[in-house]
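Residue-level listing of the chains:
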Amino acid sequence: MSTMIMAQQLRDRIRIKNKIFAIYLLALLLLALCPPLYLSVSGSGVLFLGIPLPIIYWLAIAVFLGVGLWVMYLAECAFGEIPADEEVS
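A. How the structure looks around the overall build of the protein chain. Helix and strand content of the protein chain: three helices and two strands. Reading the helices (α) and strands (β) of the protein chain from amino to carboxyl end gives α-α-β-β-α. Looking at the 89 residues of the protein chain, the share that counts as buried comes to 11%. Of the roughly 7100 Å² of accessible surface on the protein chain, 74% is carried by carbon and sulfur atoms. Between the averaged position of the 5 positive side-chain charges in the protein chain and that of its 6 negative side-chain charges there is a distance of 16 Å.

B. Spotlight on the environment of Y57. Structurally, Y57 is set in helix α3 (residues 53-79). Between the alpha carbons of Y57 and K17 there is a distance of 27 Å; along the sequence they are 40 residues apart. In this view, Y57 contacts L31, A32, L37, Y38 and V41; residues no more than four positions away in its chain are not counted. Looking at Y57, its side chain comes within polar contact range of the main-chain oxygen of L31, at 2.3 Å.

C. Looking closely at α3. The first and last C-alpha atoms of α3 sit 39 Å apart over 27 residues, in line with the 39 Å expected at 1.5 Å per residue. What α3 keeps buried is the set P54, Y57, I61, G68 and M72. Remark: G80 follows α3 within two positions and exhibits a positive phi of approximately 80°.

D. Seen up close, the confidence of the model for the protein chain. Put simply, the protein chain has an average pLDDT of 81, and 94% of its residues get 70 or more. Between the elements of the protein chain, mean pLDDT differs from a low of 73, seen in helix α2 (residues 35-42), to a high of 87, seen in α3.

E. Structural context of the pattern of salt bridges. Applying the stated criterion across every chain yields a total of two salt bridges. Its salt-bridge partner being R15, residue D12 comes within 3.0 Å of it at the nearest N-O pair. Highlighted residues: D12 and R15, both in helix α1 (residues 3-33), separated by three residues, approximately one helical turn. Under the relative-accessibility criterion, D12 is labelled partly exposed at 32%. K17 serves as the salt-bridge partner of E76, at 3.7 Å between the closest nitrogen and oxygen. In this pair, E76 sits in helix α3 while K17 sits in helix α1, placing the two residues 59 residues apart along the sequence. A relative accessible area of 10% means that K17 is categorised as buried.

Calculation notes
Residues numbered from 1 in each chain as written. Predicted model: local features only at pLDDT ≥ 70, side-chain atom pairs only at ≥ 80, totals over all residues. Heavy atoms only, no water. Helix = DSSP H or I, 4+ residues; strand = E, 2+ residues; numbered from the N terminus. Buried < 20%, exposed > 50% of the residue type's maximum accessible area, 1.4 Å probe, protein only. Areas by Shrake-Rupley, 256 points an atom, 1.4 Å probe, with all protein chains shown as cover. Lys, Arg positive; Asp, Glu negative; His and termini not counted. Charge placed at Lys NZ, Arg CZ, Asp CG, Glu CD. Contact = heavy atoms within 4.5 Å. Polar contact = N/O pair within 3.5 Å; in protein donor to acceptor, adjacent residues only side chain to side chain. Expected span 1.5 Å × (residues − 1). pLDDT = per-residue confidence, 0-100. Salt bridge = Lys/Arg side-chain N within 4 Å of Asp/Glu carboxyl O.

This is how it looks when you write it as structure tokens:
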């Protein structure tokens, strides 16, 4: 297989990865900014592990964002997009 074909396949995979991550971030943005979703839990007095449900809502969004960034970092490392650290002498 020629290097041009392999390079094109790698670029295609990177584009797909970027699109998937953009959709994931858009979904989290909608969860954070869409008033009906938050308002449905904002007046709730339900406790989950002693924490009010509205706080759990925001914590869940933050955790999903952190996990998404971590997965993106792993994917970029796998594709070789992040250069290795250079030793300083």
